Structure formats: C-alpha cells, structure tokens
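One letter stands for each residue in the lines below.
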Amino acid sequence: SGNYSVSVTENAVLNFSFVGYVSQRINVNNQSEINVQLVPDETSLDEVVVTGYGTTTKLRQTGSTVVVGAKDVEQTPFPSIDRALQGRVPGLQSTGGSGQPGSMQQIRIRGVGSISGSSSPLFVIDGVPVNSGDLSRATPTANVLAGINPNDIENVTVLKDAASTAIYGSRGSNGVILITTKSGKAGKTKFRIDADYGTVRPGVSPDRTRMLTTEENITLIGESLLNNPTYVDAYNLTPENIREFVISEDGFDIDPTVSTNWYDEVTRVGNQQQYNLSADGGNEKTTFSLGGGYFKQEGTIPNSDFTRYSGKVNLKHNLNDKFTIGTNMMLSTSNIRGLLNGGAFGNPVLTSFFLMPNIPARNADGSNYISGPLAAGAGLYNPLEILDKDRRSNNTQKAIGSVYGEYKILPNLKISTRYGIDYNNIEEDYYNNPNYGDGRNVGGRSYRDYTRYFNWVWTNLVDYRWDIDDNNDWVANFKVGYEAQKSQAYNSSVGVYNVPLNTDYTVPSVGATPINATGSNDDYGFASFLALGDFSYQNKYVLSWSYRNDGSSRFGRDNQYGNFWSVAGSWNLEQEDFLRDIDEISSLKLRASYGVTGNAGIGNNAWRTLYGYTRTTYNFVYDGNIGSGPTQYGLSNLTWEKTNSFDIGFDASLFDNRLSLTFDYYNRQSEGLLYAVPVPYSTGFNSYVANYAGLQNRGFEIALNGTPVRTDDFQWDLNF
C-alpha cells in the first residue's frame, strides 16, 4: 500500500532517491508524516560515461571520448560491432578489405601508431581485455569480434586521448574501445523480439565493372591489327575483312555467338537475416538480462556466407546493503564459408577480370565448361568449377565471461574483484579437388588447422570517494588496483595430398600422402599496478590523473616493466555564475590532457634469440641426426613503443541539447618504434628488431550533432 515508518531523531535528514530520478533531502524536524514524489531526471543516466576501470559523469570527464549507444548499433545490421563504428566516431576509421561475410575489419584511431607493431586499438568487453582481429591461420580473412552479437551491446565507448587510455598502459597507444553489454533493471520483466531481412549486393555497381562483350572485343582487336603494318601486309587486312579475320582460325578463332559476362557469373545477390529474443527484469535484490540470437549473411560470391548462433546471460545480486555479486557471460558459435581473397587465381572475382568473354561458362547440358582454354593445366580455370568443387571453412566457438564481487566497507569506500576469461576455439578446413584448379598437380590436397586461445584476467580494485568539505564543494575520487593477465595459444596442423574427387569426403584422413604435421604453444602475460583519481570543485574545475606500471613477458629481461601516466583538466563553464543564467547554453566544457602510453602489440618472443630444429637429408652431414641453428637474433633490452600524446578541445551543447559541437586538436609523438635494422649477411641474419624509429600523428576532429525536429512521437537527428 506504500506505507512506511522510520525511527530517527528529530534533527535527522532523510534522503529519498531512486535510479533515474532527482534525489530529495528532507529535514525531519518535528514532522510526523513526510510524503515525497520524486521527479524523473531525464539527463542523469545519459550523463554516466564508462571509462577505464569504472564510470564517471559528463561533468567530471576530462578525456576525449565518444559514446555510441545501443540504438545506433542496432540500426546497422552488420556481422560485427567494429563495422558499426564507421562514420560515428571522429578520428576512427573502420575499413574492410574483403566482401567475405565475417571478414577482418581494420580499426585505426587517430592514425597509424606503429611501423611493424600493431596499430589496432585494445578491445575491453565488460571489463575484460580480449583478443581481437584475425586469429585464423588458414582462412583468407576472419574476424574474431564477429562472434559477438551487436544486439547484446548496451553501448560502445571509444577512448582516444592519453587522459582516457593511459590507465591501460602498454596497450593504450592506439586507443581503447570499451564495450558494455545489456544488463537487467529492476521492475516488470520485459521481453523483446526483433527480426530483419535484407539483401546483400556487390559494393561496386555493374556499370563500373562491366567487361567488354565479345563483339566489342572483336572490334578492339581489329583496330589494333589495322594499326600494325606487319599484319596488314601479311594478311591483306582491310576495314571490310578485318572482322572475319579476327574470328577465323587464322586469326584469333573467336566465336562471336558466345559473350560471357564473367563478373555476373561469379557474383550474386545474397540475403541477410537475423532474429533476436531477449528478456530482462528483476527486483531490488536481483536483476537479470537474457538474450539469444541467430544471424546469417550470404556473400556476393556463391558458396560464401557467415552464420552465427549466440547467447548471453547477465546476473547481478545484492546479498545485502554492502555486498554485491554478479556474472556476465556471452557464448557464440559461428561459421565462415568462402574462397580465396587477394591476388591469387583462386579468387573468383580476380579470375573474372582475366577470362575472355568468348569463352563459355557452361556446356549445353548446364555443366561447367572446363575444356579448351579452361582445360586443366591451360593456365586459367573456370571459377564456377572451383566454387563447386573446392571447400574452405572456419568454425569458431567463442566465450567471454566474468564473475565479480563488490563490498562496501564504508559508504565512501569499497573493494571489488573481477575474474574474466576470453576463449576462442577455431577449427579450419581447406580442400582443393584433384582434377581441376590449384590442387590438380598434387592429386588434390586437404588441410586442417586447430587453434585455441585462452585468455584470463584478474582485476582487484579499491575505490574511495573523499568529500573534502561539509558542503561537498571539494570532492576527490581515488582508485588503486592490481591486474594480472595471461593469454595462451595452442595450435596444430595437418596436410595431405592425393585426395578423392568427392565433396562429401574432404577431411585429411581421406588423403593418401601425408605432407606435414605441426603443432606449437605460445603465450604472453601482463602484471600491472594501476592508480587513478580526480579532484573537482563545485563541478566547475576538474583535475584528473592516472598511472600504470606494466610488466610484460613480450619484452626483454632488462626492460620488462614500463611506467605510463597522464594528467588532464577540464573547466565546465556553464556552472559559472556569468553563464548559468544563459538558457541557450546547456553545457560548455574546455579540456586538455597530456600523457605517455605504450604499444605492446608485437610478437610474443620478439626479444628472444630463437633456434629451429631439422633433420639433415644426407647421412654424412651430422651423421643424419637432428640439427639446430639460430633463426632469430634477440635483444635483451627490447622495450616498449611509447607515445607522448597531447590533446586540447571543447564540448558545447546549445538550445536544450538540440545542437552540440565537439572539437579536438591532438598531437601524438611516437618513439622507440620496433624496426627491422639491416645488418650484414655475414652475421647469419639480414636484420634484427630494435627500438629504432619514430613517427608523428596530429590533426583536428570535429563532431556536429543536431536535432532539427523533436516531438513526443518523433525525433530526427543529424550527425556530422
């Protein structure tokens, strides 16, 4: 019925609060009955910004960050979340080099940050740093992030400057992308189902890729022959007889009745569909969020597609007023089918540019044409036969999960711990048929690759809020912690020649001639101490700082630890008295930052001197025994690539947030970049890797957002 009673002293103060509403503080005095109706706070939730190892508010934020919300992600039905960021974050480029569904996406934030190391940002999902990029070994292109259902994501926060990324230390130079998944909210359980269906077409229009028709080709060849006096004299060529000569056996033997558009033959209009179901809810003690999804995209090339099944569970439980526990878990299985990309003739699109239009694609009975100039061994192949007979697939099982706990020792002091995992299991198969194409000369071939990545992270933090004075004018926040991470890779490969011509039997066990069997283990580890904090006065002036000491197994024994830090400040001008009464200004912030970040995106064993092993072919060399020799020259003082970053900018919102503008100028000076330094061959090597080079990225970023129309039922947003 809504009744309540509280036993307090007469001079007590009651604080009424609820998530999403403006809090009210009421002095009891001598009142025996107090009724309060809270007013919704329309902006409070939007002001919360996810940062490294916690959250802050827009007022206390000092770094350059961009938040992409769930509605923006859901409205772009791409296979992976990194594709949805294109065009939504100033300074971020998201590009793909392939039309293969589920393919690798290249992300760059504020330029290329390294010469030989990684220039990709660090991805952190629900507090867990995860492996990203292409982890496959036999698939031409794959994207491990495609195993994450974008529909499960609440928001994506892109950290760009040192004030935001330095807390990630040796992995912050190329930016950080924080992904937060959807969580439950107290209240009535809500169910949601959504579905979409569409078509997938080649990105380049047919008009721009149209090949010559056979008749056009005959005309072009004829013009070239008439311009060659040697041919004109030898065959008595004239404009009247040139066409007959070109199509004759004495000429080029071209059948004018056949005109094949090979590009049309190897491309198609595919379809894309996805279906998602979710439920979330709970009460004051326990909240939950459950979700499942199915996604399939057919590529623009026959027999190329991407399929994903995914599920998600987020649970949070308050054991009491002080102790909270929870878990986040995302599971998926995905499959990629496709053929070669790039500059090999196994790429059907590339082959279509080389084949003449007078060559038929199919025989009269509908079978693929594989005789004449397309016969086995003739140099070029019919891509339709390759598409029908060859196979290449990638099946990936992915799991990202964490368990966490938080305990409030005091109202302003809490400790937290989180243990997270990132697991990727990749199974790849590759089959070339024995009669036609790349596998013909070896009787066909079959390969199988197995790759497993297991990455665990354990983070422990102490968080303290200090109300320096009684009026809460001065407020400070401190956070310190320790984090350990280890990533382990396990892989094996087998390959065989001489396989049967049967697309139902393509695994290596059907091959008659084993050719290779390999396996390896690889791993890296991080051990880190971190600290960060901020001071604010009346939400007008904010000073923040961060520090991280990183240790990594990827660097030499003499330089395994590095120090990374940042300082930043902001001034919220709209909180000043001289601007507070100007209704047109919703917010106006000036900010600046400087810091040092690192790049650890190199090989796990780049600093080590490595040896390889082999058995000699001739018995008189080492008596036929196994021999060992150096394969890499290492440096024990190999260390981090460091980037010194400066950023200055401002954020402005006008007319009740109907118009907003963000401007940034940045200057990134990178030094100690890893570079292959040439050395004389007399050393036994042609180069060694050292901290040798440097580069600079600098530029301007502008983001302009407006809402020309906003009513109770309709809103129109523009973003530039």
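Just so we're clear, the structure is a prediction, and the values are computed from it rather than from any experiment.

As for the packing of aromatic side chains
Moving on, step 1. This structure, assessed with the given rule, holds 27 aromatic pairs.
Moving on, step 2. When the centroid spacing of 4.3 Å and the interplanar angle of 40 degrees are considered together, the rings of Phe-555 and Trp-640 count as tilted. Taken together, the residues Phe-555 in the loop between strand E22 (541-552) and strand E23 (561-572) and Trp-640 in the loop between strand E26 (626-632) and strand E27 (641-654) connect sequence positions 85 residues apart. Trp-640 shares its class with Phe-555; the two are buried.
Moving on, step 3. Geometrically, the ring pair formed by Tyr-633 and Phe-685 is tilted, given 6.2 Å between the ring centres and 50 degrees between the ring planes. Here Phe-685 lies in the loop between strand E28 (659-678) and strand E29 (687-710) and Tyr-633 lies in the loop between E26 and E27, a separation of 52 residues in the sequence.
Moving on, step 4. On the basis of relative accessibility, which here comes to 42%, the residue Tyr-633 falls in the partly exposed class.
Moving on, step 5. In textbook terms, an aromatic cluster arises when at least three aromatic residues are bridged by ring pairs, as seen for Trp-474, Tyr-537, Tyr-541 and Trp-571.
Moving on, step 6. Above the face of the Phe-526 ring, Arg-171 is positioned so that its terminal group lies 4.2 Å from the ring centre.
Moving on, step 7. Lying over the aromatic face of Tyr-524, Arg-554 brings its terminal NZ or CZ to 4.0 Å of the ring centre.

Notes on the nonpolar core
Moving on, step 1. Formed by 24 residues in total, the largest nonpolar core has its most connected members in Leu-92, Val-156, Ile-177 and Ile-179.
Moving on, step 2. Counting residues per element, the ones that place at least two in this core are strand E5 (65-69), helix H2 (81-84), strand E7 (105-109), strand E8 (122-125), strand E9 (128-130), strand E10 (153-159) and strand E11 (176-181).
Moving on, step 3. Those residues in contact with Ile-179, other than ones at most four positions away along the chain, are Ile-81, Phe-123, Val-124, Ile-125, Asp-126, Ile-153, Asn-155 and Val-156.
Moving on, step 4. In terms of nonpolar packing, the next biggest core, distinct from the first, is built from 15 residues, Val-596, Ile-602, Ala-606 and Leu-674 among them.

A look at the sheet that holds E5
Whenever strands of a sheet pair, they do so through backbone hydrogen bonds, lying parallel or antiparallel.
Moving on, step 1. Here 5 strands make up an open sheet; going across it, the order is E5-E10-E11-E8-E9 and the pairing mixed. At either margin of the open sheet sits one strand with a lone partner, and together these are E5 and E9. Across the sheet, the mean angle separating the axes of adjacent strands is 25 degrees when strand polarity is ignored.
Moving on, step 2. One ladder, built from 4 bridges, connects E8 with E11; its direction is parallel. Residue pairing across strands places Phe-123 opposite Ile-177, the latter belonging to E11.

Some words on the side chain of Ser-493
Moving on, step 1. In this fold, Ser-493 is placed in strand E20 (residues 474-497).
Moving on, step 2. Reaching out from Ser-493, the side chain makes a polar contact with the side chain of Arg-137 at a distance of 2.9 Å.
Moving on, step 3. Beyond its immediate stretch of four places on either side in the chain, Ser-493 contacts Arg-137, Arg-448, Asp-449, Asn-516, Ala-517 and Thr-518.

Description of the pairing of E22
Moving on, step 1. Pairing geometry for strand E21 (residues 513-537) and E22, over 12 bridges, is antiparallel. Paired with Leu-530 across the strands is Arg-548, a residue of E22.
Moving on, step 2. Between E21 and E22, which pair antiparallel one after the other, the connecting turn spans 3 residues, and Gln-538 there sits at a positive phi close to 50 degrees.
Moving on, step 3. Examined bridge by bridge, E22 and E23 share 11 bridges and lie antiparallel to one another. Across the sheet, residue Arg-548 finds its bridge partner in E23, namely Phe-564.

Examining the pattern of salt bridges
Moving on, step 1. Applying the stated criterion across every chain yields a total of 29 salt bridges.
Moving on, step 2. Put simply, Arg-171 and Glu-483 hold a salt bridge, and the shortest N to O gap is 4.0 Å. Here the residue Arg-171 occupies a position in the loop between helix H3 (162-165) and E11, and Glu-483 occupies one in strand E20, the gap between them amounting to 312 residues. When sorted by exposure, Arg-171 lands in the same class as Glu-483, which is buried.
Moving on, step 3. Look at the salt bridges and you will find they share partners, linking Arg-110, Lys-160, Arg-591, Asp-647, Asp-651, Asp-664 and Glu-701 into a network.

Structural notes on the environment of Val-6
Moving on, step 1. Positionally, Val-6 belongs in the segment before strand E1 (13-16).
Moving on, step 2. Exposure remark for Val-6: the relative accessible area of 46% places this residue in the partly exposed category.
Moving on, step 3. Along the chain, Val-6 and Ser-593 lie 587 residues apart, while their C-alpha atoms are 48 Å from each other.

Some remarks on helix H4 (residues 214-226)
Moving on, step 1. With 13 residues, H4 extends 18 Å between its outermost C-alpha atoms, agreeing within 8% with the 18 Å of an ideal straight helix rising 1.5 Å per residue.
Moving on, step 2. Of the residues making up H4, those classed as buried are Thr-214, Asn-217, Ile-218, Ile-221, Gly-222 and Leu-225. Down the axis of H4, the sector holding all buried residues measures 135 degrees, keeping them to one side.
Moving on, step 3. In this fold, the buried residues of H4 make contact with helix H5 (229-235) and helix H6 (242-247).

A short note on unusual backbone geometry
Moving on, step 1. Positive phi, normally seen in glycine, also occurs at Asn-29, with a value near 50 degrees.
Moving on, step 2. Mapped onto the secondary structure, Asn-29 falls in the loop between strand E2 (24-27) and strand E3 (48-51).
Moving on, step 3. Look at Tyr-53: it is not a glycine, yet its phi comes out positive at around 65 degrees.
Moving on, step 4. Relative to the helices and strands, Tyr-53 resides in the loop between E3 and strand E4 (54-57).

What counts, and at which threshold
- Residues numbered from 1 in each chain as written.
- Predicted model: local features only at pLDDT ≥ 70, side-chain atom pairs only at ≥ 80, totals over all residues.
- Heavy atoms only, no water.
- Phe/Tyr/Trp six-rings, centres within 6.5 Å; stacked < 30°, edge-to-face > 60°.
- Helix = DSSP H or I, 4+ residues; strand = E, 2+ residues; numbered from the N terminus.
- Buried < 20%, exposed > 50% of the residue type's maximum accessible area, 1.4 Å probe, protein only.
- Lys NZ or Arg CZ within 6 Å of the ring centre and 35° of its normal.
- Core = buried A, V, L, I, M, F, W, Y, C linked by side-chain atoms within 4.5 Å.
- Contact = heavy atoms within 4.5 Å.
- Pairing = 2+ DSSP bridges.
- Axes fitted to C-alpha atoms, helices over the stretch in contact; angles between N-to-C directions.
- Polar contact = N/O pair within 3.5 Å; in protein donor to acceptor, adjacent residues only side chain to side chain.
- Salt bridge = Lys/Arg side-chain N within 4 Å of Asp/Glu carboxyl O.
- Expected span 1.5 Å × (residues − 1).
- Arc of directions from axis to C-beta.

Functional significance is not addressed by these values, which are geometric in nature.
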